[in-house]
Amino acid sequence: MPRKTPPQPPGEQDAEPSKANVDQCRRCELWEHATQGVAGEGPRDARILLVGEQPGDEEDIQGRPFVGPAGRLLRALLDEAGLPPAQVFMTNAVKHFFFEPRGKRRIHKTPLQRHIAACQAWLEAEVSRVHPAVIVTLGATALAAVYGGKIAIAAARTQKLASPEGTPIIATYHPSAALRAPDHDARAKLRATLLSDLKRAARMAAKG
Ligand code: URA
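Rules used in this analysis
- Residues numbered from 1 in each chain as written.
- Predicted model: local features only at pLDDT ≥ 70, side-chain atom pairs only at ≥ 80, totals over all residues.
- Helix = DSSP H or I, 4+ residues; strand = E, 2+ residues; numbered from the N terminus.
- Buried ≥ 20, exposed ≤ 12 C-beta atoms within 10 Å, placed from the backbone.
- Contact = placed C-beta atoms within 7 Å.
- Expected span 1.5 Å × (residues − 1).
- Arc of directions from axis to C-beta.
- Near = placed C-beta within 6 Å.
- Nonpolar A, V, L, I, M, F, W, Y, C, P; charged D, E, K, R; others polar.
- Pairing = 2+ DSSP bridges.
- pLDDT = per-residue confidence, 0-100.
- Core = buried A, V, L, I, M, F, W, Y, C linked by C-beta atoms within 7 Å.

(A) Spotlight on the overall build of the protein. Scanning the protein for helices and strands turns up 8 helices and 7 strands. Oriented by its inertia axes, the alpha-carbon framework of the protein measures out at about 45 × 45 × 30 Å. Expressed as a percentage of the 208 residues in the protein, the buried residues total 43%. By sequence separation, contacts in the protein at least 24 residues apart represent 69% of the contacts at least 6 residues apart.

(B) Local environment of helix 3 (residues 69–80). Across its 12 residues, helix 3 extends 17 Å between first and last C-alpha, which sits within 8% of the 16 Å expected from 1.5 Å per residue. By the burial criterion, the buried members of helix 3 are Ala 70, Gly 71, Leu 74, Leu 77 and Leu 78. The buried residues of helix 3 occupy an angular sector of 125 degrees when the element is viewed end-on, so they sit on one face. Lining the buried residues of helix 3 we find helix 7 (175–180) and helix 8 (184–207). Remark: Gly 82 follows helix 3 within two positions and exhibits a positive phi of approximately 80 degrees.

(C) Highlighting the site of the ligand. Every residue close to the ligand is listed here: Gly 52, Glu 53, Gln 54, Pro 55, Gly 56, Glu 59, Pro 65, Phe 66, Gly 68, Ala 70, Gly 71 and Asn 92. When grouped by side-chain class, the residues that make up the shell around the ligand number 4 nonpolar, 6 polar and 2 charged.

(D) Spatial organisation of the sheet that holds strand 2 (residues 89–92). Judged by pairing direction, the sheet is mixed, and its 5 strands sit side by side in the order 2-1-5-7-6 without closing on themselves. Strands at the two margins of the open sheet, each flanked by one partner only, are strand 2 and strand 6 (161–162). Note that strand 1 (residues 48–52) and strand 5 (residues 134–138) share 4 bridges and pair parallel. Looking across to strand 5, one finds that Leu 50 is bridged to Val 136.

(E) Broad picture of the confidence of the model for the protein. For the protein, the average pLDDT comes to 94, and 93% of its residues sit at 70 or higher. Here residues 1–11 scores under 50 on pLDDT; set against residues more than four positions off or in separate chains, the count is 14 contacts.

(F) Geometry of the nonpolar core. Of all hydrophobic cores here, the largest spans 55 residues; its most connected members are Ile 48, Leu 49, Leu 50 and Val 51. The residues contacting Ile 48, other than those within four sequence positions of it, are Leu 83, Val 88, Pro 132, Val 134, Val 136, Ala 201 and Ala 205.

(G) Broad picture of helix 5 (residues 139–147). For helix 5, the buried fraction is high: 8 of the 9 residues fall into the buried class. Within the sequence span of helix 5, burial applies to Gly 139, Ala 140, Thr 141, Ala 142, Leu 143, Ala 145, Val 146 and Tyr 147. Taken together, the buried residues of helix 5 touch strand 1, helix 4 (113–130), strand 5, helix 6 (153–156), strand 6 and strand 7 (168–172). Following helix 5 by one or two positions, Gly 148 adopts a phi angle in the positive range, close to 90 degrees.

(H) Spotlight on the pairing of strand 3 (residues 99–102). One ladder, built from 4 bridges, connects strand 3 with strand 4 (residues 105–108); its direction is antiparallel. The residue bridging Pro 101 from the neighbouring strand is Arg 106, located in strand 4. What sits between strand 3 and strand 4 in their antiparallel hairpin is a turn of 2 residues, with Gly 103 showing a positive phi close to 60 degrees.

(I) Focus on the pairing of strand 7. Extensive coverage of strand 7 is indicated by the burial of 4 of its 5 residues. Note: strand 5 against strand 7, 4 bridges, orientation parallel. Directly across from Leu 138, in strand 7, lies its bridge partner Thr 172. Here strand 6 pairs with strand 7 via 2 bridges, running antiparallel. Each bridged residue has a counterpart across the sheet, and for Leu 161 the counterpart in strand 7 is Ile 169. The antiparallel pairing of strand 6 with strand 7 creates a hairpin that spans 5 residues between the two strands, and Gly 166 there sits at a positive phi of about 100 degrees.

Structure representation (C-alpha cells):
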C-alpha cells in the first residue's frame, strides 16, 4: 500500500537517524515537553527491526528505546524466542514521548496521526539503513506507520504483509497490552501470542 511521506524542510530528507539528529527534531511539537528524542538502537546489520509506538516515561528519561516495564517484558520474550535483544534493531514510530501531566505523573497518550507522519522520515531512514529481513510491529501505531494502511492487528497477524518497500511485516500486539490486560489469563494469553509471533519472526529472519 502506498504511503506518502510529508515534505520535509530542505536538507533534512537524508539526515542520519542518529540520537543527536532525532533529539534536534522539530517537525512536530512533541519535543517541547519531552526530555529528549529517542532514536532507534541496535546493530546496523540486524535481521530484525522491531517498531514500537513511542518512548515511555523511562525511555524519555534514559534516552533509549524499550528500557521501561514494557521493554523489559519485550527483552525477556526476545530472549525466550532465541533472539538476543542485542541482535535486534529496536525503534519507535514516534521518537518523542507524548504524555499528559497528572500531578507528579506523566500519563502516556496515544500519538496522533500528525505525530506519526512527522516522524515517518526517521523511521524510513532507519529501515533503509538497517535493511532488515523482517520488520516486527508492536501495536496499532507501529503497524499503521510501517504498513501505511488501516488494518486491525488480529487481521494483520493472519495475513502476509509487507511494507511499501517490500520488507515482510510480522504484526503483533504491544507488550504493554500483556502488562495491562485485566486478569491473569488474558495476560498469559497475550504473552504467549507475543512469544509465538517473535518466534515466527526469528524463523523468517533465519530463512531469508
Ligand atoms: N513502548 C514503546 O512503544 N516503545 C518504547 O520504547 C517503550 C515503550
